[in-house]
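Inside the fold
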Amino acid sequence: MTVRVRIAPSPTGNLHIGTARTAVFNWLFARHHGGKFILRIEDTDLERSRPEYTENILEGLRWLGLNWDEGPFFQSQRLDLYKQAVEKLLAQGLAYRCYTTSEELEALREAQKAKGEAPRYDNRHRNLTPEQEAAFKAEGRSFVIRFKIEDEREIVWDDLVRGKMSWRGSDLGGDMVIARASEDGIGQPLYNFVVVVDDIDMQITHIIRGEDHIANTAKQILLYEAMGAKIPHFAHSPLILNMEGRKLSKRDGVTSISDFQQLGFTSEALVNYMTLLGWSPPDSTQEIFTLEAAAKEFSFERVNKAGAKFDWAKLDWLNSQYIHNIPANQLTDLLIPYWELAGFNFDGGRDRAWLEQLVALLGPSLTRLKDAVAQSQLFFTETVEFSEEASQQLQQEGSAAVLQGILTALETQELQEATAQDIIKQVVKAQNVKKGLVMRSLRAALTGDVHGPDLIQSWLLLHKIGLDRPRLSKAIAANS
């Protein structure tokens with residue numbers, strides 16, 4: 001048997017972290033078994049589906065490295081297939097037309113609520129006579145298509161994550177609507193039905209999805225049986241939870257893959273982290289690995305049943321590890337879009353060597369790519385504002401004098417790393433001051449702060465674009 005799995009997002013929103021994690025598990029399982037990973041877009045919700053969401057989903061999967069083998073297939077282009085399947089179930093007596101009005105359904109729910117009963121359809125139109133149907137049509141009633149579910153039926157499957165699962169037909173809410181109302185025949189087919197038709201047609205062998213789909217599984221198994229198809233294996237992975245143990249949602253802030261990208265997470269770190277959300281590798285000490293490496297080890301025996309808590313600190317740590325191992329030329333390419341978005345003025349071609357030197361300086365201190373905006377701003381602005389600590393440093397006795405000594409030395413010496421060190425030594429000796437005063441004053445004047453990246457490298461970068469002398473002069477003038 002060739003393993004065939006699918007990811008089937010709905011384009012009613014951007015690619016969600018939960019959907020992406022499900023895609024990761026599907027991809028890992030397919031690659032582990034040398035199978036196929038199929039992409040299907042479930043866009044039958046015509047009112048809420050948007051092409052921009054579809055594009056966001058496709059771009060997000062590509063960015064994460066989750067390349068698919070077949071697709072994307074679009075449900076909106078497969079409506080004839082679904083309607084043919086509905087008609088077949090009608091002809092076999094396994095489905096029927098239900099003319100119950102919305103008012104009647106509401107009255108039924110209220111009556112059940114008053115008795116303390118769970119809401120369910122009472123199957124009242126399951127066995128209508130032709131005369132009764134004709135009478136309903138004469139009233140102008142529309143109909144939905146319902147699939148028959150026997151209350152006494154027990155639905156059992158062996159879940160690859162959760163073991164033996166069992167549901168009774170009586171717990172599924174009565175006969176299931178599989179197609180909406182329509183004035184001219186079978187209307188829009190609904191999720192639980194079309195997903196089964198698609199999975200049969202695409203020969204899906206394993207359905208890997210979140211545990212919130214467990215109730216759907218029982219209904220879908222009945223549909224597989226009704227259509228005479230082989231029932232696939234099911235694996236229901238744990239949900240992603242926030243640190244309080246609740247399902248991760250928009251209230252927790254960022255949830256879409258494009259949001260994580262904008263915050264400055266690398267695709268490699270994010271997909272690495274998602275792999276660890278619910279799955280643990282055989283070597284529990286290993287935390288950093290590629291998708292390909294994880295695929296070699298992936299199995300559902302190591303997928304947890306309990307929900308996976310999303311830990312921002314852990315993701316930040318993973319991201320920093322990846323960033324710190326990216327060569328400066330590649331990291332420069334990743335940072336340029338963030339600098340451009342921040343409005344920094346530079347020429348990516350002409351200034352390339354200087355940019356790579358700046359990246360080499362800042363890279364080791366980055367946790368997220370976006371951090372480079374704040375950390376590099378002082379290199380892209382003409383002047384800097386002095387922090388309170390920097391102002392205090394520049395007001396210290398001897399500070400203006402040592403800065404003037406550095407400025408004077410720059411008039412006669414070409415600044416390189418060695419000469420920068422020599423200038424500092426010369427000023428220390430000539431003015432008989434401690435080196436700390438010179439270094440702190442120089443940093444405050446050049447960067448506007450008393451903390452920051454390597455001082456000499458920062459000075460060299462500012463010197464190359466002609467910003468060191470004006471800043472030294474400004475600091476001297478402000479504190480003379």
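Here's what I pulled together on the structure shown here. (Residues numbered from 1 in each chain as written. Predicted model: local features only at pLDDT ≥ 70, side-chain atom pairs only at ≥ 80, totals over all residues. Heavy atoms only, no water.)

Attention now goes to the overall build of the protein. Within the protein, the secondary structure is distributed over 20 helices and twelve strands. The C-alpha radius of gyration of the protein comes to 32 Å, more than 25% above the 23 Å expected for a compact globule of 480 residues. Overall size of the protein, expressed as C-alpha extent along the three principal axes, is 110 × 50 × 45 Å. Counting only contacts in the protein whose residues sit at least 6 apart along the sequence, the fraction spanning at least 24 positions is 76%. With an accessible surface of roughly 23200 Å², the protein has 48% of that area assigned to carbon and sulfur atoms. Side chains of the protein carry 54 positive and 65 negative charges; the gap between the two charge centres is 3 Å. (Helix = DSSP H or I, 4+ residues; strand = E, 2+ residues; numbered from the N terminus. Rg over C-alpha atoms; globule rule 2.2 N^0.38 Å. Contact = heavy atoms within 4.5 Å. Areas by Shrake-Rupley, 256 points an atom, 1.4 Å probe, with all protein chains shown as cover. Lys, Arg positive; Asp, Glu negative; His and termini not counted. Charge placed at Lys NZ, Arg CZ, Asp CG, Glu CD.)

It is worth spelling out the packing of aromatic side chains at this point. Scanning the entire structure with this criterion turns up 19 aromatic pairs. Judged by centre distance (5.4 Å) and plane angle (20 degrees), the ring pair of F260 and W312 falls under stacked. With F260 in helix α8 (residues 257–263) and W312 in helix α11 (residues 312–324), this residue pair connects regions lying 52 residues apart in the sequence. The class of F260 is buried, set by a relative accessible area of 0%. Residue W312 is classed as partly exposed on the basis of its relative accessible area, which comes to 28%. Each member of the aromatic cluster is reached from another via a ring pair, and the members are F25, F29, W279, F289, F298 and F300. Here the guanidinium or amino end of R97 rests over the ring plane of F143, the centre of that ring lying 5.4 Å away. (Phe/Tyr/Trp six-rings, centres within 6.5 Å; stacked < 30°, edge-to-face > 60°. Buried < 20%, exposed > 50% of the residue type's maximum accessible area, 1.4 Å probe, protein only. Lys NZ or Arg CZ within 6 Å of the ring centre and 35° of its normal.)

Attention now goes to the pairing of strand β7 (residues 163–168). Relative to β7, strand β6 (residues 154–159) runs antiparallel, the two being bridged by six bridges. Bridge assignment links D158 to a residue of β7, and that residue is K164. Joining the antiparallel neighbours β6 and β7 is a turn of three residues. (Pairing = 2+ DSSP bridges.)

This paragraph deals with unusual backbone geometry. The omega angle of the peptide bond from G71 to P72 is 5 degrees, so this bond is cis rather than trans. One non-glycine residue with positive phi stands out, namely Q203, at about 55 degrees. According to the relative accessible area criterion, Q203 is exposed, its value standing at 56%. We note that N432 has phi near 50 degrees; this positive angle belongs to a residue other than glycine.

Consecutive side chains of a regular strand alternate in pointing toward one face of the sheet and then the other. Burial of the side chains of strand β5 (residues 144–147) extends over both faces: V144 and R146 are buried on one face and I145 and F147 on the other. Relative to β5, strand β4 (residues 95–98) runs antiparallel, the two being bridged by four bridges. Across the sheet, A95 pairs through a bridge with F147, a residue of β5. The sheet contact formed by β5 and strand β8 (residues 176–179) spans three bridges and is antiparallel. Following the sheet pairing, I145 is matched in β8 by A179.

This part takes up helix α20 (residues 468–478). Buried within α20 we find D468, R471, L472, A475 and I476. Buried residues of α20, seen end-on, are gathered within an arc of 135 degrees and therefore sit on one face of the element. Among the exposed residues of α20, those pointing more than 90 degrees away from its buried face are A477 and A478. The inward-facing, buried residues of α20 abut α15 (388–394), α16 (399–410), α18 (435–447) and α19 (455–464). (Arc of directions from axis to C-beta.)

Under the counting rule described, the total for this entry stands at 24 salt bridges. Close ionic contact of R40 with E42 constitutes a salt bridge, the shortest N to O distance being 3.2 Å. In this structure, R40 and E42 share a single accessibility class: buried. Connected through shared salt-bridge partners, R6, R40, E42, R78, D198, D199 and D201 make up one network. (Salt bridge = Lys/Arg side-chain N within 4 Å of Asp/Glu carboxyl O.)

Sheet strands pair by backbone hydrogen bonding; their relative direction is either parallel or antiparallel. Strands sit in the order β1-β2-β3 across an open sheet of three strands; the sheet is parallel. Both edges of this open sheet fall to β1 (4–7) and β3 (70–74), since each of them pairs with a single strand only. Within the sheet, the average angular offset between the axes of one strand and its neighbour, ignoring direction, is 25 degrees. Pairing of β1 with strand β2 (residues 36–41) involves four bridges; the strand directions are parallel. What sits directly across from V5, in β2, is F37. Across the sheet, helix α1 (residues 17–32) lies against β1 and β2, angled at about 165 degrees from β1, the strand it touches most. (Axes fitted to C-alpha atoms, helices over the stretch in contact; angles between N-to-C directions.)

Taken in spatial order, the three strands line up as β4-β5-β8 in an open sheet, and their pairing is antiparallel. Of all the strands in the sheet, just β4 and β8 have a single pairing partner and so form its edges. Between one strand and the next, the sheet's axes are offset by a mean angle of 45 degrees, whatever the strand orientation.

Counting residues in hydrophobic clusters, the biggest one holds 52 residues, and the most contacted among them are W339, F379, F380, I406, W459 and L472. Of all elements in the fold, only α12 (328–341), α13 (352–362), α15, α16, α17 (417–431), α18, α19 and α20 reach the threshold of two or more residues within this core. If we skip the residues at most four places from it in the chain, L472 touches L403, I406, L407, L410, L442, A445 and L446. Counting 50 residues, the second-largest nonpolar core is a separate cluster that includes A30, I41, M274 and L277. (Core = buried A, V, L, I, M, F, W, Y, C linked by side-chain atoms within 4.5 Å.)

This part is about the packing of α18 against α19. Between α18 and α19, the shortest axis-to-axis distance is 11 Å and the interhelical angle comes to 40 degrees. Taken together, α18 and α19 sit at an angle that is classed as oblique. Here the hand of the crossing between α18 and α19 comes out left-handed. Contacts between α18 and α19 involve M439, L442, R443 and L446 from the former and L455, W459 and L462 from the latter. Of the residues belonging to the contact of α18 with α19, the class tally is six nonpolar, no polar and one charged. (Parallel < 35°, antiparallel > 145°, perpendicular 65-115°, else oblique. Left-handed = near helix turned anticlockwise from the far one by under 90°. Nonpolar A, V, L, I, M, F, W, Y, C, P; charged D, E, K, R; others polar.)

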